[in-house]
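An overview of the molecular structure
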Amino acid sequence: MSILTILLYPDKRLNTVAEPVHAVTEEIHNLIKDMAETMYAAPGVGLAATQVNVHKRIIIIDTSPARDKLRAFINPEIVEATGVSDCEEGCLSVPGVYEKVQRAQHIRVRALGADGAPFELEADGLESVCIQHEMDHLDGKVFVEKLSRLKRQRILTRIKKRHSDENAR
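My aim in this report is to walk through the structure given alongside it, one point at a time. (Residues numbered from 1 in each chain as written. Predicted model: local features only at pLDDT ≥ 70, side-chain atom pairs only at ≥ 80, totals over all residues. Heavy atoms only, no water.)

**Notes on the packing of aromatic side chains**
- Within this structure, the stated rule accounts for 1 aromatic pair.
- Arranged with centres 5.5 Å apart and planes meeting at 55°, the rings of Phe-73 and Phe-119 form a pair that is tilted. Note that Phe-73 is positioned in strand E3 (residues 71-82) and Phe-119 in strand E7 (residues 118-124), a separation of 46 residues in sequence. Neither Phe-73 nor Phe-119 differs from the other in exposure class; each is buried. (Phe/Tyr/Trp six-rings, centres within 6.5 Å; stacked < 30°, edge-to-face > 60°. Helix = DSSP H or I, 4+ residues; strand = E, 2+ residues; numbered from the N terminus. Buried < 20%, exposed > 50% of the residue type's maximum accessible area, 1.4 Å probe, protein only.)

**As for helix H2 (residues 125-138)**
- In this model, H2 (14 residues) spans 21 Å end to end at C-alpha, consistent with the 20 Å of a helix rising 1.5 Å per residue.
- Counting buried positions over the 14 residues of H2 gives 11, a clear majority of the element.
- Ser-128, Val-129, Cys-130, Ile-131, Gln-132, His-133, Glu-134, Met-135, Asp-136, His-137 and Leu-138 are the residues of H2 that are buried.
- Immediately downstream of H2, the backbone of Gly-140 shows phi near 80°, a positive value. (Expected span 1.5 Å × (residues − 1).)

**Considering the environment of Pro-118**
- Turning to its location among the elements, Pro-118 is positioned in strand E7.
- Sequence-wise, Pro-118 and Ile-74 are 44 residues apart; in three dimensions their C-alpha atoms are separated by 9.0 Å.
- Here Pro-118 is in contact with Ala-111 and Leu-112, once residues within four sequence places are set aside. (Contact = heavy atoms within 4.5 Å.)

**Concerning the pattern of salt bridges**
- Within the structure shown, the criterion is met by 11 salt bridges.
- With its nearest N and O atoms 3.7 Å apart, the salt bridge here joins Lys-69 to Asp-68.
- Residue Lys-69 is classed as exposed on the basis of its relative accessible area, which comes to 54%.
- Ionic contacts of the salt-bridge type, sharing partners, join the residues Glu-80, Arg-108, Arg-110 and Glu-120 into one network. (Salt bridge = Lys/Arg side-chain N within 4 Å of Asp/Glu carboxyl O.)

**With respect to the side chain of Arg-103**
- Tracing the backbone shows Arg-103 in strand E5 (residues 94-103).
- Within polar-contact distance, the side chain of Arg-103 engages the side chain of Glu-89 at 2.7 Å.
- Excluding residues that lie within four positions of it along the chain, Arg-103 makes contacts with Gly-83, Val-84, Ser-85, Glu-89, Val-129, Gln-132, His-133, Asp-136, Phe-143 and Lys-146. (Polar contact = N/O pair within 3.5 Å; in protein donor to acceptor, adjacent residues only side chain to side chain.)

Here it is, written out as structure tokens:
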């Protein structure tokens, strides 16, 4: 296993729409293991393949307190979404930025697991938000793009300042 490089916003590769996975192969199993190691090391609660510059429809999440309940979703699709929730979100691709985003409160998602078997899962709370957030990445969207233009501009200004400060060291 290895830790992968996480793309950072505003990297244009984050806007790439991921392709469906046609077969759950050893390559996919290895990618999921590497994504898990990367997510846990970051540390984060979710990661989409797009964020590590692999444009396949794969996300992983682990919202458990003990961080021992990793779930892989291959070709995920939301088949039901109800309610509305405003939740503060962060993102491994936008480190240090946390903003409120509106999401469905409860979802039902259908996907293939790491073993290639289809499953459905009902989720709410943090788990629901995390799945929706990571699925946005598969569609080439970063959570800050759901914010107002003014908030996005402020975030970009902060990011550019941070990069210039880091490069000055």
